[in-house]
Amino acid sequence: MIGYLAFAAFAATVPMANWLIGNVGTECIPNGPCLIPVGFGLMAPSGVLMVGAALVLRDVVHERLGQWWAVAAIVVGAILSAFFAAPSLVTASATAFLLAEAADFAVYAPLRRKHLAWAVLLSGIAGAVIDSAVFLWIAFGSLSLIEGQIVGKMWMTLLAAGLLFGWRRLSPKEMPR
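In every chain, residue numbers begin from 1 and rise along the written sequence. Since the coordinates come from a predicted model, pLDDT governs what is reported: local features require at least 70, and pairs of side-chain atoms require 80 or more to be given and counted, while whole-chain, interface and lining totals use all residues. The side-chain numbers reported here are obtained from all heavy atoms of the structure, hydrogens and water having been left aside.

**A look at the packing of aromatic side chains**
- In summary, the pairing rule links any two rings of Phe, Tyr or Trp, Trp by its six-membered ring, whose centres are within 6.5 Å, and it sorts them by plane angle into stacked for under 30 degrees, edge-to-face for over 60 and tilted for everything else. For the structure on display, the rule yields five aromatic pairs.
- With centroids separated by 5.5 Å and ring planes inclined at 45 degrees, the aromatic side chains of Phe10 and Phe97 adopt a geometry described as tilted. In this pair, Phe10 is assigned in helix H1 (residues 2-23) and Phe97 in helix H4 (residues 90-111), connecting sequence segments 87 residues apart. The two residues Phe10 and Phe97 agree in class, both being buried.
- Their ring planes at 5 degrees and their centres at 6.1 Å tell us that Phe40 and Trp155 sit as a pair that is stacked. On the criterion of sequence distance, the pair formed by Phe40 in the loop between strand E2 (34-39) and strand E3 (42-45) and Trp155 in helix H6 (residues 146-170) is long-range, its members being 115 residues apart.
- Using a 1.4 Å probe on the protein chains alone, a residue whose accessible area is under 20% of its type maximum counts as buried, one over 50% counts as exposed, and one in between counts as partly exposed. Phe40 sits in the exposed class, given a relative accessible area of 67%.
- By the ring-pair criterion, three or more aromatic residues cluster together here, those being Tyr4, Phe7 and Trp69. Labels follow the DSSP assignment, with helices taken as runs of H or I lasting at least four residues and strands as runs of E lasting at least two, numbered in each case from the N terminus.

**Quick notes on helix H3 (residues 67-84)**
- Here the expected span of a helix is defined as 1.5 Å times the quantity of residues minus one. Along its 18 residues, H3 runs 25 Å from first to last C-alpha, staying within 8% of the 26 Å computed at 1.5 Å per residue.
- Looking at the buried side of H3, the elements it contacts are H1, helix H2 (48-65) and H4. Residues count as neighbours in contact if any of their non-hydrogen atoms are within 4.5 Å of one another.

**What about a nonpolar patch on the surface?**
- Only residues above 30% relative accessible area that lack a salt bridge enter a patch, with like-charged residues linked at up to 9 Å and the nonpolar side chains Val, Leu, Ile, Met, Phe, Trp and Tyr linked at up to 5 Å. Note on areas: these come from Shrake-Rupley sampling with a 1.4 Å probe, and a residue is covered only by the protein chains present in the view. Salt bridge, as used here: a side-chain nitrogen of Lys or Arg that lies within 4 Å of a carboxyl oxygen of Asp or Glu. A contiguous nonpolar patch, built from Leu99, Trp118, Leu122, Ile125, Val129 and Ile130 and spanning about 480 Å² of accessible area, is present on the exposed surface.
- If one sorts the elements of the nonpolar patch by residue count, helix H5 (residues 116-140) sits on top with five residues.
- Secondary-structure assignment places Leu99 in helix H4.

**Here's the deal with the pairing of E3**
- Bridge analysis of E2 against E3 gives four bridges, and the strand direction is antiparallel. Looking across to E3, one finds that Pro37 is bridged to Met43.
- The antiparallel pairing of E2 with E3 creates a hairpin that spans two residues between the two strands, and Phe40 there sits at a positive phi of about 60 degrees. Strand pairing is defined by DSSP finding a minimum of two bridges between the two strands.

**Considering the nonpolar core**
- Only buried residues count toward a nonpolar core, which is a set of Ala, Val, Leu, Ile, Met, Phe, Trp, Tyr and Cys residues joined through side-chain atoms within 4.5 Å. In terms of nonpolar packing, the biggest core is built from twelve residues, these being Ile21, Leu35, Ala85, Leu89, Ala92, Ala96, Val134, Phe135, Leu136, Ala139, Leu145 and Ile146.
- Mapped onto this core, the elements with two or more residues apiece are H4 and H5.
- Here this core gets four residues from one element, more than from any other, and that element is H5.
- Aside from chain neighbours lying at most four places away, what touches Leu35 is Gly25, Thr26, Glu27, Ile29, Met43, Ala44, Pro45, Ser46 and Leu145.
- Of all hydrophobic cores here, the second largest spans ten residues; its members include Ala6, Phe10, Ala73 and Phe97.

Pasting the structure below:
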């Protein structure tokens, strides 16, 4: 049940991130993204937290339903990204999402059995960097917000990795090693 809920939540993060970018922020740039502060004096497009959540939710889908469901989640997410993004963001969103999730999967899959929390953390870093660079370059032709993008996504990854470390300590038999 948790796996299917994670799949649905993962799919929902894509259109939500795209909606946030154009509608919610402490500062909205004309013909550009709405921005939020992410810490350390950095700003990022407001969809950043949803994309960070997507990177973690894909890992949950992989754990609960298996690698083929995780691949299916990536494909569904990319398709939804294309349907729900503003026309100016469709290519950037779908391309960044697909490449970032593929990178996240490539790092996560070989690490998950021995070091689940490290797999979540390291795959989240890989996905955050790739998603940030690809999205910003295609959408805005600039990498000027990349630091904020990566920091914003990493907040979600760090939260998830911390929860996994804690969960493992409390119930080590329930989590794969």
